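Structural description and commentary
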Amino acid sequence: MMHKPELLCPAGDEERLLSALYFGADAVYLGATQFGMRAGPKNFTLNALQKAVETAHKQGVKVYLTCNTLPRNDEIETMPDFLKAAEAAGVDALIVADLGVLKLCKTYVPDMPVHISTQAGVVNFETARMFYELGAQRVVTARELRLSEIAEIRAKTPKDLEIECFVHGAMCVSFSGRCLLSNYLTGRDANRGACAQPCRWSYALMEKTREGEYFPIDEDETGTYILNSKDMCMLEHIPELVEAGVDSFKIEGRAKSAYYTAIVTNAYRAAIDGYLKNPTPDYKPEPWICEEPYKVSFRDYCTGFYFDDPKTEANISLAGGYRRIWDVMGVVQESDGEFLTVEQRNKFSVGDTLEILEKGKCPQKLTVSALFLPDGTPVDTAPHPMMTVKIPCGVSVPAGSLLRKQA
């Protein structure tokens, strides 16, 4: 029987958690208000964490808690109580990068599965084996590895050591996220969850003492984005990932929107399920699935370093910022086959053509022929965030489906 890979999705807050659950995550990873590598999202208090775990477990979805910062002396003393609270909340595994934290996990919550973060920089089978011998259930490989290297790690490690890899999302210009640039320029420590992403800024490069030696840079009047990595997208390479022995497909993006979480989760869910129905080496997702990553905010896409090492292909994007071609307009609350009841997210009006995205289905068009308030009052537009409106629609649409519009 073919091993079904886990789809692991980001959950930066409750709204993003619910998006991941609705659109098909097998597991989610999230952070508490301490010790996580993303300080920007709301994250979860310990009380909210327990509620999140209960919500996920009711749907058969696992929850992994990030503890992957590098804690200092004063912080490490609070770690045992934090670990015990995480265990009490019912999380399914802890994601750690620090050897001292791993030791504390084995001391204070010995029955809790531990996953070794990509921050640990696992690039060979001996390191993976050592973490296994120290009690790790899973390693998240460094993003700089080729698929052939991951396959060798799989072949030379115990079969019950799980291998997790990033398959989609932002990439870091520094090795496995271990960067000092943000700290140097802004005082925000990238290794403690507060990266300002200065690698995305525009720079001009000059080397003062090497006259006549030039570094090739594509540049315009705004400078160059020589440090700006492309985004990763492995959506069309499910067979290769499975063949390499990857147990868990991880989507990056705890700091991104609930809409991003929904769209990317849905695309990978559909692609994985399609492959499992037709597990051939040349399997490709349906065209509509391949189009979905371009319907969120995105940078230029690449396949990371899975097929090219960093010396061969640096995967640098010379365009600054994200591109956004589509916007979410609303979330379907109810459908009776005559009207959709929708909670608005962005302004839309009568005459607009929207797209309905249901879980696992090809999107369908909907022209807004009329709009009504819940009391039946007709309106021309839905301008207010979170307002409820009704749209004529002759087909039944599941609650939780999204409406979006091309920008």
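All of the points below concern the structure found in this document. A quick note: this is a predicted structure, and the numbers were derived from the prediction, not measured. (Residues numbered from 1 in each chain as written. Predicted model: local features only at pLDDT ≥ 70, side-chain atom pairs only at ≥ 80, totals over all residues. Heavy atoms only, no water.)

With that out of the way, let us pick up the pattern of salt bridges. Evaluation of the coordinates by the stated rule reveals 23 salt bridges. Between Lys250 and Glu164 there is a salt bridge, and its shortest N-O distance comes to 3.1 Å. Separated by 86 residues along the polypeptide, Lys250 in strand β9 (residues 248-251) and Glu164 in strand β7 (residues 162-170) bring together distant segments of the chain. Each member of the pair, Lys250 together with Glu164, is buried. (Salt bridge = Lys/Arg side-chain N within 4 Å of Asp/Glu carboxyl O. Helix = DSSP H or I, 4+ residues; strand = E, 2+ residues; numbered from the N terminus. Buried < 20%, exposed > 50% of the residue type's maximum accessible area, 1.4 Å probe, protein only.)

For the rest of this paragraph, the subject is the nonpolar core. In terms of nonpolar packing, the biggest core is built from 96 residues, with Val28, Leu65, Leu94, Ile116 and Tyr268 touching the most fellow members. Among residues more than four places away in sequence, those in contact with Ile116 are Val96, Leu102, Val122, Phe131, Ala136, Arg138, Val139 and Val140. Core analysis: the next-biggest nonpolar cluster, separate from the first, contains 17 residues, Val342, Leu354, Ile356 and Leu371 among them. (Core = buried A, V, L, I, M, F, W, Y, C linked by side-chain atoms within 4.5 Å. Contact = heavy atoms within 4.5 Å.)

Counted by the stated rule, this structure contains six aromatic pairs. A centroid spacing of 5.2 Å and a plane angle of 90° characterise the contact between Tyr294 and Tyr301, whose relative ring orientation is edge-to-face. With a relative accessible area of 40%, Tyr294 lands in the partly exposed category. Relative accessible area serves as the criterion here: at 16%, Tyr301 is assigned to the buried category. With centroids separated by 5.5 Å and ring planes inclined at 10°, the aromatic side chains of Phe298 and Tyr301 adopt a geometry described as stacked. Comparing Phe298 with Tyr301, the two get one shared label, buried. Taken together, the aromatic side chains of Tyr294, Phe298 and Tyr301 make up a single cluster linked through ring pairs. One Lys or Arg, Arg404, reaches over the ring of Trp326 and ends 5.5 Å from the middle of that ring. (Phe/Tyr/Trp six-rings, centres within 6.5 Å; stacked < 30°, edge-to-face > 60°. Lys NZ or Arg CZ within 6 Å of the ring centre and 35° of its normal.)

Those residues of helix α1 (residues 14-22) not exposed but buried are Arg16, Leu17, Ser19, Ala20 and Leu21. For α1, the elements touching its buried residues are β1 (6-10), β2 (27-31), α2 (46-58) and α10 (258-277). For α1, the capping residue at the N-terminal end is Asp13, with a side-chain oxygen 3.2 Å from the backbone nitrogen of Glu15. Downstream of α1 by a residue or two, Gly24 has a phi angle that is positive, lying close to 115°. (Polar contact = N/O pair within 3.5 Å; in protein donor to acceptor, adjacent residues only side chain to side chain.)

Its place among the elements puts Asn68 in the loop between β3 (62-67) and α3 (73-76). What makes Asn68 buried here is its relative accessible area of 8%. For the pair Asn68 and Gln119, spaced 51 residues apart in sequence, the C-alpha separation works out to 7.3 Å. Separated by 3.4 Å, the side chains of Asn68 and Ser117 make a polar contact.

For the rest of this paragraph, the subject is α2. Taking 1.5 Å of rise per residue, the 13 residues of α2 would be expected to cover 18 Å, and the 19 Å separating its terminal C-alpha atoms lies within 8% of that figure. Listing the buried residues of α2 in full gives Leu49, Ala52, Val53 and Ala56. With its buried residues spanning 100° around the axis, α2 presents them on a single face. Seen from the buried face of α2, the exposed residues on the opposite side, beyond 90 degrees, are Asn47 and Lys58. Elements in contact with the buried residues of α2: α1, β2, β3 and α4 (79-89). Backbone geometry just downstream of α2 places Gly60 in the positive-phi region, at approximately 75°. (Expected span 1.5 Å × (residues − 1). Arc of directions from axis to C-beta.)

Moving on: a nonpolar patch on the surface. Residues Leu99, Met130 and Leu134 make up a contiguous nonpolar surface patch of roughly 280 Å² in combined accessible area. As for its position among the elements, Met130 is in helix α6 (residues 125-133). (Patch = residues over 30% accessible without salt bridge, like charges linked within 9 Å, V, L, I, M, F, W, Y side chains within 5 Å. Areas by Shrake-Rupley, 256 points an atom, 1.4 Å probe, with all protein chains shown as cover.)

The subject of this paragraph is the packing of α1 against α2. Running from N to C, α1 and α2 point in directions that differ by 10°, and their axes come no closer than 11 Å. Relative to α2, the element α1 is oriented roughly parallel. For the pair α1 and α2, contact is made by Glu14, Leu17, Leu18 and Leu21 and by Lys51, Ala52, Thr55 and Ala56, respectively. In the contact of α1 with α2, the residues fall into five nonpolar, one polar and two charged. (Axes fitted to C-alpha atoms, helices over the stretch in contact; angles between N-to-C directions. Parallel < 35°, antiparallel > 145°, perpendicular 65-115°, else oblique. Nonpolar A, V, L, I, M, F, W, Y, C, P; charged D, E, K, R; others polar.)

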